[in-house]
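Residue-level structure breakdown
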Amino acid sequence: MTDLSRRDFVKLCAATSMGLVIGIPVVGRATNSSTELHPLIRIGLDGRVTLYAQNPEMGQGVKTSLPMIVAEELDIDWESVRVEQADWDPRLENQFSGGSLSIRLNYGAMRQAGATARAMLLAAAARQLDRPVAELATQSGYVIDESRGVRLSYADLSEAAAALPVPDAPELKNDKEFRLIGTSVADVDLNPMTTGHQQFSLDLKLPDMLYVVVKRCPHGDGQPLSFDAATAKKVPGVVDFHVLRNVDHGGRIILPNCPNFVSGVAVVATNTWAALEGARKLEVEWQMPEERDDSDELFRRFEKALDDEAEIVRRDGEPEISAAERSIDVTYSLPFLAHIPMEPMNCTAHVTGDKAEVWAPTQNPPMAAEAVAKVLDIPEDNVTIHVERSGGAFGRRYYADFITDTVLLSRQFKRPVKTIWSREDDVRHDYFRPASTQRIRAAATDGKITHWHQKVASHPREIYLERDGSPAEIGNYEFPAGFVPNLLFDYVPVPARVPLGQWRATNHSSNVFVVSSAIDELAHSAGMDPVEFWLGLVGDEQFVQVREDFRFDASRLKEVISLAADKSDWGARLPEGSARGLSASYNQGAWVAEVAEVTVKDDRLKVDRITCAVDCGLVINPQGAINQVEGGIVEGLAAALYGKITVKDGVVQESNFHDYRFCRIRDIPTIDVHFVSSSDAPRGLGEGPLPPVAPAVTNAIFAATGKRIRELPIRL
Amino acid sequence: MVRFTLNGEDYGFPGDSDTPLLWVLRDSAGLTGTKYGCGTGLCGACTVHVDGEARRACILPVSAIEGRTVTTIEGLSPNGSHPVQRAWQEENVPQCGYCQTGQIMAVAAMLERLPSPSDDDIDRQHTNICRCGAYSRIRRAIHRASELSRGESTDD
Ligand code: FES
Ligand code: FES
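Residues numbered from 1 in each chain as written. Chains lettered and ligands numbered in written order. Predicted model: local features only at pLDDT ≥ 70, side-chain atom pairs only at ≥ 80, totals over all residues. Heavy atoms only, no water.

Topic: the overall build of chain B
For chain B, the helix and strand inventory stands at six helices and five strands. By the compact-globule yardstick of 15 Å for 156 residues, chain B fits well, its C-alpha radius of gyration being 15 Å. Based on the C-alpha atoms only, the size of chain B along its principal axes is roughly 40 × 35 × 25 Å. Accessible surface for chain B amounts to roughly 5700 Å². Of this, 44% is attributable to carbon and sulfur atoms. Taken together, the 15 basic and 20 acidic charged side chains of chain B have centroids lying 6 Å from each other. (Helix = DSSP H or I, 4+ residues; strand = E, 2+ residues; numbered from the N terminus. Rg over C-alpha atoms; globule rule 2.2 N^0.38 Å. Areas by Shrake-Rupley, 256 points an atom, 1.4 Å probe, with all protein chains shown as cover. Lys, Arg positive; Asp, Glu negative; His and termini not counted. Charge placed at Lys NZ, Arg CZ, Asp CG, Glu CD.)

Pasting the structure below:
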């Protein structure tokens, strides 16, 4: 199988009488009642079309939007389609949700899938009717021969279609013919989500299942030495205990980019409450790692590191300038942030012999499969991953740490096991957004930035996660690279032990705050209106060659800035104590500008309105897209107002929503979202709207009060 | 054995009477629409109605509801037809969906007390967390649900 290319394999399937399946092996898929025309398309003999959602759903809407693209090309009515989540399937490419890439990477493949099946159905009809394909059309699940008034349903054609060769380059629709893409469609799980019938992975119950809460080592790098279960044992329903040490299971990082902090003592019970109570009452003696971080101390090290020699990430012209030539010389700092998805981490697994079946709210099924195979030392082919709808993820479920412990425990107890994390464990044992301290030394003359030196010091993900490549948490393509003649980005790594991971918008969540704040500071120091200053900085050239392989469409940045300014009534008078602030960025596939309107009264901040203009290319499902933008803005606001993880003596201090706060409805401003209509291919949307929120708010605070906020979360 | 009325039927829980109602519902009664989000009464994901009032089931020992009447999201209406559910569907509120059953239960109870809440009322009284940030739609859906329920009661 591995010797065959995908195309060969597809042809082989098509050429054999492997039943009704094309493009995939028959294992467990073909039945007497339906035909599979593609791994993502199944047509039932009852006429029912099932589309499989390829990428994990975590609230970002891809369980709806990806199948919409398939349905568009297949030419079938959305109302007649049933959507199901695909299990992990190694034949599918890019089966992960992260980096705002689900649609961006798979738009072409989804169109191809629908168009391939449609072409095969057309070819089957052409044979049956003895008509040239060109004389036939498709509509709403039928092939139509207009001239003779004949209609053949996809269901009736599917078996014959499956026996035909798979076309190399099926014809795609012209964008102008789209009937479904670009229309607002309800989430496919809307009904179950509002009636309580939606199944999340925490809701699973398998026969004979054990419930486990792992009492986790306060520091991921530590190990349990011994435990006293005298009190825990008395909790009715607690049945057993088991020690897990990551040193026994591949160590701290089991695969590149895959941390595996499983150390702790598993409390095994017959129900969730008993497991939670047992874990609370269990006493464990820990061996803590020698090196234990303190976040305050880390910030002092970051700040000191800003005077150290740094790795040059990008250098243009002559960026160094004397103190006298600088317009600003300022330092910003950003905290560690947690993910706190609404559904705490959990996983269910059943390991039997050398086979593992896993139900997981994972963002990254391929990594989950690889990690499971690795810790159990079984072939990946023996691993099944059922991808469950996640109750939020935001990057936290990208790794497999919450899955590996579950499979190890299921193997140990020879029973299905569900592991449940308390909210406290979820907060304390996260992989955090890196904290950083950044310094900007810059100069502007005549309203133009001439010099920009951005120096970043942080505890870097690359080193922590043992990935190859530069540790720099600033990319050589990031704005304003390409727009300032004398520019230097440099980076000082300050490696530490605080666990790090992918947080929504990754390093852009920090860097956009710094960049948009500094641009605002330069505008004010030049005595200019920030919108005018931004537009001058972006300039009039449509394209700017930021890097040899990155031609940046600056006109789109300009457009979102103008649109946000216009829609927010930029320049119109506001009452005393209220003001607006602007921020803009291109990140994770979206050009975004946001204007925040705030009121500061008696040292209290109220964010009144956020106007967001966004260009993410073609929008597949507008109502879902607006939900994403609003969600990103709320998350950005929560980070600006509240988000901060503190580490003392290696231990995370926050634990639940009282000390790691998130916005409630009373914090939420009016949010006004405007998409730039675009026929360009879809880009990313899930992350882009988040980073500009904090600087738009702090720039507005400056405009209202003259007070410059350079540290998050905001303290007035 | 703790006995109470659960979605209109008698229910008996034979286990530890300190068990929070949340886990009785989820693990014993198999009603998983009531969610665990914090376990400390902070987020509202576990909201149910006890004798018609919104309560956070994660901090309510089952012993405290002996003889009382509990309604969960599964019992709020047949087929999701309660005005709050209909409003939630019309406004396409959910993102991940995890918090939404708790939001709906909290709002359904609020509208019983306060049929036409103002934005200020909502800010003060609706405190459930939506980590995905679907708040603008939640606010719109609350107003819509208020319209729908009042419309219905005048129709009756
Ligand atoms: S789970 Fe009960 S309030 Fe959060
Ligand atoms: S919809 Fe995800 S937490 Fe509310």
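Things to note about the packing of helix α12 (residues 508–525) of chain A against helix α16 (residues 693–705) of chain A
All names here are of chain A. Contact geometry for α12 and α16: axes closest at 8 Å, N-to-C directions at 30 degrees. Comparing the axis directions of α12 and α16 gives the class roughly parallel. Judged by the sense of rotation from one axis to the other, the crossing of α12 with α16 is right-handed. Two secondary-structure elements touch here, α12 through V512, F513, S516, S517, D520 and H524 and α16 through A694, P695, T698, N699 and F702. The residue inventory of the contact of α12 with α16, partitioned by class, reads five nonpolar, five polar and one charged. (Axes fitted to C-alpha atoms, helices over the stretch in contact; angles between N-to-C directions. Parallel < 35°, antiparallel > 145°, perpendicular 65-115°, else oblique. Left-handed = near helix turned anticlockwise from the far one by under 90°. Contact = heavy atoms within 4.5 Å. Nonpolar A, V, L, I, M, F, W, Y, C, P; charged D, E, K, R; others polar.)

Comments concerning the sheet that holds strand β5 (residues 137–139) of chain A
Residues and elements named next belong to chain A. Read across the open sheet, the three strands follow the order β5-β6-β7; overall the sheet is antiparallel. The open sheet terminates on both sides in strands that have one partner only, identified here as β5 and β7 (150–153). Ignoring strand direction, the axes of neighbouring strands in this sheet form an average angle of 30 degrees. Both β5 and strand β6 (residues 142–145) contribute to a ladder of three bridges, which runs antiparallel. Counted as the bridge partner of A137 is I144 from β6. Sheet contacts for helix α4 (residues 154–162): β5, β6 and β7; angle to β7, the most-contacted strand, approximately 65 degrees. (Pairing = 2+ DSSP bridges.)

Some words on the domain arrangement of chain B
Residues and elements named next belong to chain B. Per the domain assignment, the segments making up chain B are domain 1 (2–76) and domain 2 (83–149). Centre-to-centre, using C-alpha coordinates, domain 1 lies 21 Å away from domain 2. Counting residues at the interface gives 18 residues for domain 1, matched by twelve residues for domain 2. Around 1200 Å² of area is buried between domain 1 and domain 2 when both sides are counted, 62% of it from carbon and sulfur atoms. Summed over the shared surface of domain 1 and domain 2, the result is zero salt bridges. One can count seven residue pairs in polar contact (both at pLDDT 80 or more) joining domain 1 with domain 2. Only β3 (47–50), β4 (53–56) and α2 (73–76) provide two or more residues apiece to the side of domain 1 that touches domain 2. (Domains from an automatic or database assignment. Buried area = accessible area lost by both parts, 1.4 Å probe. Salt bridge = Lys/Arg side-chain N within 4 Å of Asp/Glu carboxyl O. Polar contact = N/O pair within 3.5 Å; in protein donor to acceptor, adjacent residues only side chain to side chain.)

Notes on unusual backbone geometry
All names here are of chain A. Here the residue pair F479 and P480 is connected by a cis peptide bond, since its omega of 10 degrees sits within 30 degrees of zero. Mapped onto the elements, P480 comes out in the loop between α11 (461–464) and β23 (486–493). L712 connects to P713 through a cis peptide bond whose omega is -5 degrees. Note that P713 resides in the segment after α16. Residue I340 is not a glycine yet carries a positive backbone phi of 35 degrees. In this structure, I340 sits in the loop between β16 (328–334) and β17 (346–352).

Concerning the pattern of salt bridges
All names here are of chain A. Evaluation of the coordinates by the stated rule reveals 61 salt bridges over all chains. As a salt-bridge pair, D649 and R292 come within 2.9 Å of each other at their nearest N and O atoms. Of the two residues, D649 sits in the loop between β29 (647–648) and β30 (651–652) while R292 sits in the loop between β14 (283–287) and α7 (295–305), which places them 357 residues apart along the sequence. Of the charged contacts, one joins R396 and D430 as a salt bridge, the two residues approaching to 3.2 Å between their closest N and O atoms.

A closer look at the nonpolar core
Ranked by internal contacts, the top residues of the largest apolar core, which has 236 residues, are W452 of chain A together with F4, L21 and Y135 of chain B. It is helix α15 (residues 622–641) of chain A that provides the largest number of residues to this core, a total of nine residues. Ignoring any residue separated from it by four or fewer positions in sequence, one finds F4 of chain B in contact with E9, D10, Y11, L21, V24, V62, I65, G67, R68 and V70 of chain B. Membership of the second largest hydrophobic core comes to 49 residues, among which are A86, V143, Y154 and I181 of chain A. (Core = buried A, V, L, I, M, F, W, Y, C linked by side-chain atoms within 4.5 Å. Buried < 20%, exposed > 50% of the residue type's maximum accessible area, 1.4 Å probe, protein only.)

Focus on helix α2 (residues 62–74) of chain A
Residues and elements named next belong to chain A. A rise of 1.5 Å per residue sets the reference length of α2, with its 13 residues, at 18 Å; its end C-alpha atoms lie 18 Å apart and thus fit the reference within 8%. Most of α2 sits out of view: 13 of its 13 residues are buried. Among the residues trailing α2, D75 stands out with phi positive, at a value near 65 degrees. (Expected span 1.5 Å × (residues − 1).)

Details of the pairing of β23 of chain A
Residue and element names in this part refer to chain A. A large share of β23 lies buried, amounting to seven of its eight residues. With five bridges connecting them, strand β15 (residues 311–316) and β23 associate as antiparallel partners. Looking across to β23, one finds that D316 is bridged to L487.

Some thoughts on the state of the cysteines
Residues and elements named next belong to chain A. Counted by the stated rule, this structure contains zero disulfides over all chains. The cysteine C616 is free of any disulfide, with C612 supplying the nearest cysteine sulfur at 9.9 Å. Looking at C616, the relative accessible area reads 4%, which means it is buried. (Disulfide = S-S within 2.5 Å.)

Considering the sheet that holds strand β22 (residues 448–458) of chain A
Residue and element names in this part refer to chain A. The five strands are arranged β15-β23-β22-β21-β16 in an open sheet whose pairing can be described as mixed. Looking at which strands have only one partner, the edges of the open sheet turn out to be β15 and β16. Pairwise comparison of adjacent strand axes, ignoring direction, gives a mean angle of 10 degrees for this sheet. α7 rests against β16, β21 (436–445), β22 and β23 of the sheet, and its axis sits at about 35 degrees to β21. Against the sheet, α12 engages β16, β21 and β22, with an angle of about 150 degrees to β16.

Regarding the packing of aromatic side chains
We describe a pair of aromatic rings using the distance from one ring centre to the other and the angle between the two ring planes. All names here are of chain A. Counting across every chain of the model gives 19 aromatic pairs over all chains. Where F550 meets Y586, the ring centres are 6.3 Å apart and the plane angle is 35 degrees; that geometry is what we call tilted. Of this pair, F550 sits in strand β25 (residues 550–553) while Y586 sits in strand β26 (residues 578–587), and the two are 36 residues apart along the sequence. As far as burial versus exposure is concerned, F550 and Y586 are alike and both buried. Their ring planes at 70 degrees and their centres at 5.3 Å tell us that F552 and Y586 sit as a pair that is edge-to-face. Within this pair, whereas F552 is found in strand β25, its partner Y586 is found in strand β26, the two being separated by 34 residues in sequence. No difference in accessibility class separates F552 from Y586, as the two residues are buried. Through a chain of ring-to-ring contacts, three or more aromatic side chains come together here, namely Y477, F479, F483, W534, F550, F552, Y586 and W591. Above the ring of W421, the side-chain terminus of R216 is found at 3.6 Å from the ring centroid. (Phe/Tyr/Trp six-rings, centres within 6.5 Å; stacked < 30°, edge-to-face > 60°. Lys NZ or Arg CZ within 6 Å of the ring centre and 35° of its normal.)

Here's the deal with the interface of chain A and chain B
Contact with chain A, which involves 55 residues of that partner, is made by 50 residues of chain B. Summing both partners gives a buried area of about 4400 Å² for chain A against chain B, and 57% of it is carried by carbon and sulfur. When the buried surface of chain A facing chain B is broken down by residue, W273, M342 and I665 of chain A rank first, second and third, together holding 19% of it. In this structure, the connection of chain A to chain B is made through three salt bridges. Ionic pairing is found between D203 of chain A and R26 of chain B, a salt bridge with its closest N-O pair at 2.9 Å. Across the contact surface, chain A and chain B share 24 residue pairs in polar contact (both at pLDDT 80 or more). At the level of secondary structure, the elements contributing two or more residues to the side of chain A that touches chain B comprise α5 (190–195), α6 (272–281), α10 (423–428) and α15 of chain A. Residue contributions to the side of chain A that touches chain B peak at eight residues, all from α15 of chain A.

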